[in-house]
Amino acid sequence: MAPAVCGTLLGLALYAGSLCATFLYHDYCVIGAGPAGLQAAYFLQRAGRDYIVFERSHSPGSFFALYPRHRKLISINKQYTGKSNSEFNLRHDWNSLLSHDRRLLFRRYSRDFFPNADAMVRYLEDFASLLKLQVQYNTAIIHVTLEKNEQAWNGHYFILTDQDRKNYKCSCLLVAAGMWVPNVVNFPGSEYVEGYETVSINPEDFAGQTVLILGRGNSAFETAENILGVTNFIHMVSRSRVRLSWATHYVGDLRAINNGLLDTYQLKSLDGLLEGDLEDLAIVKDKKGKLHITLRFYLENRNVSAGIDSITLPQDELDNFATRAPYDRVIRCLGWKFDFSVYNRSLRMMPGKGNIKKYPQIKPSYESRGTRGLFVLGTASHSVDFRKSAGGFIHGFRYTTRAVHRLLENRHHGVPWPSAVYPITQLTNSIIKRVNEASGLYQMFSVLADIILLRENATAFEYLEEYPTGILAELEMQTGRKARSGLFVIIMEYGRNFSGADKDVFYYNRAVGEAQHAWQSNFLHPVIYYYKHLPTEREMRLRPPDWPLPRPDAIHHIVEDFLTDWTAPNAHILPLRRFLENCLSTDLRNFFAELCFLFAFTHQKLPPSCQQGYMRMQGLVGSQELQHHAVQAGLLQDYTHTDFLGDRPPDSHDGSQERLMRDQGIAVRPLQHLVNAKDEL
């Protein structure tokens, strides 16, 4: 009987048995107690929700108990940054999960820059136990199906069955099972190939041997690095060329810690890299146990069992064929894929297409495209930002998991997306603070964004943190917040032509330092989009290629900074403030009089008279001395006192913001005329 038919019959049998079974109900079921599952459990527990986490192993993080095989993680664990800000420090801590418990920072578990995987296992065990998360161990979910019910949150319940035929029912399913099924390519002779998951990790077992590695990711180079010093030579073959993470700015590509083979290849020390489609290969074993590489079409209509002498090899026709030397071992290191086998057809859990076919199809909200109420978290959710951002890794999906939790809180419990409301005068400061500290924006660049919703007449604004950009058009429905008077979207971006496997990212004059050229910045930098109205679904679909968002009404790039410290008054803050003022047609200067400016240096709270300008949305009234400073700095034209104030009393205004700014002498000058802008800040 065909495996697919067997699988279908098994699913039907399990479902039929479940109809008369007793169900253990929870509002939320989480499959997998790896980093993503534990992170989801933490947020559910903090919110007081009814949930359970199912883990097939006896402890959390079972994947890390086995992999990477050579035990060195490639997620950085930076002990020191020179900063005490905990949010900023998470930018350089790629292993910690989010929690309120300061004991659960990964640097307390390892001091290694690239930690041992055993430290991650200990960390996850403590995360689950110290926070008292509801994890049910030794429970392998082997089948998931739907039960239609109009009373359920999403119009159906999820029915889960474990290895002991025990059944569970939940209203919302969070799949955090990771990617653990090895990618296997079948070709003639593939039975002679050893898998990454089982091959020896003892270098002495490879002494004096010739090895071929299939694959070109970190697991392939990790394997090569382990045996580089003891083999005759190592060849590595893959369909795609090497992608170096420092060129692509994608952390899943080849990391420098594993790329010793590139040195020995380029320095002609016998090792080498080849490109070719693995499905076109074939392996033939000779009488001495040596493995010969040939091509599949040579084996057509040939009797492989008759022996190698009857088989044509490429070198018989091309005597300098690259892989003409026989190999002692061939090792498969092709990564992992999602396990679709446990999900009934009713869930329509389908694989993606093209280079994301190893992931399940999900929306930018991380909800399954086939089933409402089913969300995919962690590594398996990486199809949203594959080869773009960090959503497949702990330092990325800890934030996307929090975003999913906030979406669920609003959908099922009426809890709006967390926000804070500030007076408009705090707009510049709020943006500067976030772009200099926020780790979620920094790690999930172009994927998560801060949203600023303007209140009527732009007198105040509402600040939402780390919202998924892919569902910007759904913001009001997904967050419970209203965007009636325009909005700003703050994200981080690399230069659009800077990243790529074929890019020279070390070319001379690669950095941009002048604020007027900020739009040409190559390195990661903040970008602010301004929309007068919330973009529509159609506008999101028709956005330009490689743009994370539709074309805005205005856009501002904060120039890249070598120290990623966007606090320079002239280069960073002043251009941002002028951009915001142009969008809002208002004055956002912190001080409206020289006396108030000086008063702020010695007092924590300004007197009411200094705040009246804010309340009236009034521009700079100023004194002759302050005007003189501004003229000397080239910020104002040399108006006379009569032209500056005229005969109107200071408190009167005609309601025209444009007239007000003109009458008060606020002129926007080109950046090149700024010699000293301290009086304008």
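Keep in mind that this is a model prediction, so the values were computed, not measured. (Residues numbered from 1 in each chain as written. Predicted model: local features only at pLDDT ≥ 70, side-chain atom pairs only at ≥ 80, totals over all residues. Heavy atoms only, no water.)

S.K.: Summarise the sheet that holds strand 17 (residues 419-423); cite the residues concerned and give the values.
M.R.: Ordered in space as 17-19-18-20-21-22, the six strands form an open sheet in which the pairing is antiparallel. The sheet terminates laterally at strand 17 and strand 22 (554-557), the two strands that pair on one side only. Taken pair by pair, the neighbouring strands of this sheet meet at an average axis angle of 20°, ignoring direction. The sheet strands contacting helix 10 (residues 394-413) are strand 18 (448-454) and strand 19 (460-468), and the helix crosses strand 19 at an angle near 120°. Packed on one face of the sheet, helix 11 (residues 427-437) meets strand 17, strand 18, strand 19, strand 20 (487-493) and strand 21 (525-531) and runs near 20° to strand 19. (Pairing = 2+ DSSP bridges. Helix = DSSP H or I, 4+ residues; strand = E, 2+ residues; numbered from the N terminus. Axes fitted to C-alpha atoms, helices over the stretch in contact; angles between N-to-C directions. Contact = heavy atoms within 4.5 Å.)

S.K.: Please set out helix 5 (residues 117-130) residue by residue, giving values where relevant.
M.R.: Under the 1.5 Å per step criterion, the end-to-end length of helix 5 is 20 Å for 14 residues, consistent within 8% with the ideal 20 Å. All of the buried residues along helix 5 are Ala117, Ala119, Met120, Val121, Tyr123, Leu124, Phe127 and Ala128. Where the residues of helix 5 are buried, they touch helix 2 (35-46), helix 3 (62-66) and helix 10. At the N-terminal end of helix 5, a side-chain oxygen is found 2.8 Å from the backbone nitrogen of Asp118, two or three residues along, and the residue is Asn116. Phi turns positive, to about 55°, at Lys132, one or two residues after helix 5. (Expected span 1.5 Å × (residues − 1). Buried < 20%, exposed > 50% of the residue type's maximum accessible area, 1.4 Å probe, protein only. Polar contact = N/O pair within 3.5 Å; in protein donor to acceptor, adjacent residues only side chain to side chain.)

S.K.: Please give an account of the packing of helix 11 against helix 15 (residues 569-584) that cites residues and values.
M.R.: It is the contact of helix 11 with helix 15, at a shortest axis distance of 10 Å, that shows an interaxial angle of 130°. Of the possible angle classes, the one that applies to helix 11 and helix 15 is oblique. Between helix 11 and helix 15 lies a crossing whose hand is right-handed. Every residue of helix 15 that contacts helix 11 at Leu427, Thr428, Ile431 and Ile432 is listed here: Ile573, Leu576, Arg577, Leu580 and Leu584. Counted by class, the contact of helix 11 with helix 15 contains seven nonpolar, one polar and one charged residues. (Parallel < 35°, antiparallel > 145°, perpendicular 65-115°, else oblique. Left-handed = near helix turned anticlockwise from the far one by under 90°. Nonpolar A, V, L, I, M, F, W, Y, C, P; charged D, E, K, R; others polar.)

S.K.: Describe the pairing of strand 1 (residues 23-31), naming the residues involved and giving the relevant values.
M.R.: Here strand 1 runs beside strand 6 (residues 167-175); their pairing, made up of eight bridges, is parallel. What sits directly across from Tyr28, in strand 6, is Cys172. Note that strand 1 and strand 2 (residues 51-54) share four bridges and pair parallel. Within strand 2, the residue paired with Ile31 across the bridge is Phe54.

S.K.: Describe the pattern of salt bridges, and please don't skip the residues or the numbers.
M.R.: Considering all chains together, one arrives at 19 salt bridges under this definition. One salt bridge in this structure joins Glu462 and Arg455, with 3.9 Å as the shortest N-O distance. Given a relative accessible area of 36%, Arg455 falls into the partly exposed group. Linked through salt bridges whose partners overlap, the residues forming this network are Arg402, Arg434, Asp450, Glu465 and Glu466. (Salt bridge = Lys/Arg side-chain N within 4 Å of Asp/Glu carboxyl O.)

S.K.: Please set out unusual backbone geometry residue by residue, giving values where relevant.
M.R.: The omega torsion of the bond from Tyr67 to Pro68 falls at -5°, within 30 degrees of zero and hence cis. The residue Pro68 is located in the loop between helix 3 and helix 4 (86-89) in this model. The backbone of Lys268 shows a phi angle near 55°, a positive value even though the residue is not glycine. Relative to the elements of secondary structure, Lys268 occurs in the loop between helix 8 (260-266) and strand 11 (272-275). The class of Lys268 is exposed, set by a relative accessible area of 69%. Look at Ala458: it is not a glycine, yet its phi comes out positive at around 55°. Using a relative accessible area of 13% as the deciding quantity, one classes Ala458 as buried.

S.K.: Would you mind going over the packing of aromatic side chains in detail, with residue names and values included?
M.R.: Evaluation of the coordinates by the stated rule reveals 29 aromatic pairs. Relative to Trp153, the ring of Tyr28 lies with its centre 5.5 Å away and its plane at 65°, an arrangement referred to as edge-to-face. Of this pair, Tyr28 sits in strand 1 while Trp153 sits in the loop between strand 4 (141-148) and strand 5 (156-162), placing them 125 residues apart in sequence. Taking relative accessible area as the criterion, Tyr28 reaches 0% and is therefore assigned buried. Exposure remark for Trp153: the relative accessible area of 31% places this residue in the partly exposed category. Taking 5.5 Å as the distance between ring centres and 70° as the angle between the ring planes, the aromatic pair formed by Phe106 and Tyr123 counts as edge-to-face. Here Phe106 is found in the loop between helix 4 and helix 5, whereas its partner Tyr123 is found in helix 5, with 17 residues between them in sequence. Accessibility classification places Phe106 together with Tyr123 in one group, the buried group. Grouped by ring-pair contacts, the aromatic residues Tyr42, Phe43, Phe106, Tyr109, Tyr123 and Phe127 constitute a single cluster. Note that Arg56 overlies the ring of Trp180, its terminal NZ or CZ placed 4.0 Å from the centroid. The ring of Tyr157 has Lys169 sitting right over it, with the charged end atom 4.9 Å from the ring centre. (Phe/Tyr/Trp six-rings, centres within 6.5 Å; stacked < 30°, edge-to-face > 60°. Lys NZ or Arg CZ within 6 Å of the ring centre and 35° of its normal.)

S.K.: Can you lay out helix 15 for me, pointing to particular residues and giving the numbers?
M.R.: Along helix 15, the residues that are buried comprise His572, Leu574, Pro575, Leu576, Arg577, Arg578, Phe579, Leu580, Glu581, Cys583 and Leu584. Buried residues belonging to helix 15 abut helix 11, strand 18, strand 20, strand 21 and strand 22. One or two residues past the end of helix 15 sits Ser585, with phi positive at roughly 55°.

S.K.: Now, about the layout of surface pockets: what can you tell me, with residues and values included?
M.R.: Of the voids in this model, the second largest pocket is the one considered here, and its volume is about 1500 Å³. Val384, Asp385, Lys388, Arg543 and Asp546 are, among the 47 residues lining the second largest pocket, the residues nearest its centre. Residues of the lining of the second largest pocket, tallied by class, amount to 20 nonpolar, 12 polar and 15 charged. (1 Å grid on protein atoms, 1.4 Å probe; cavity = no way out; pocket = protein on both sides within 12 Å on 5 of 7 lines; lining within 4 Å. Points joined across faces, edges and corners; volume = space filled by probe spheres on them.)

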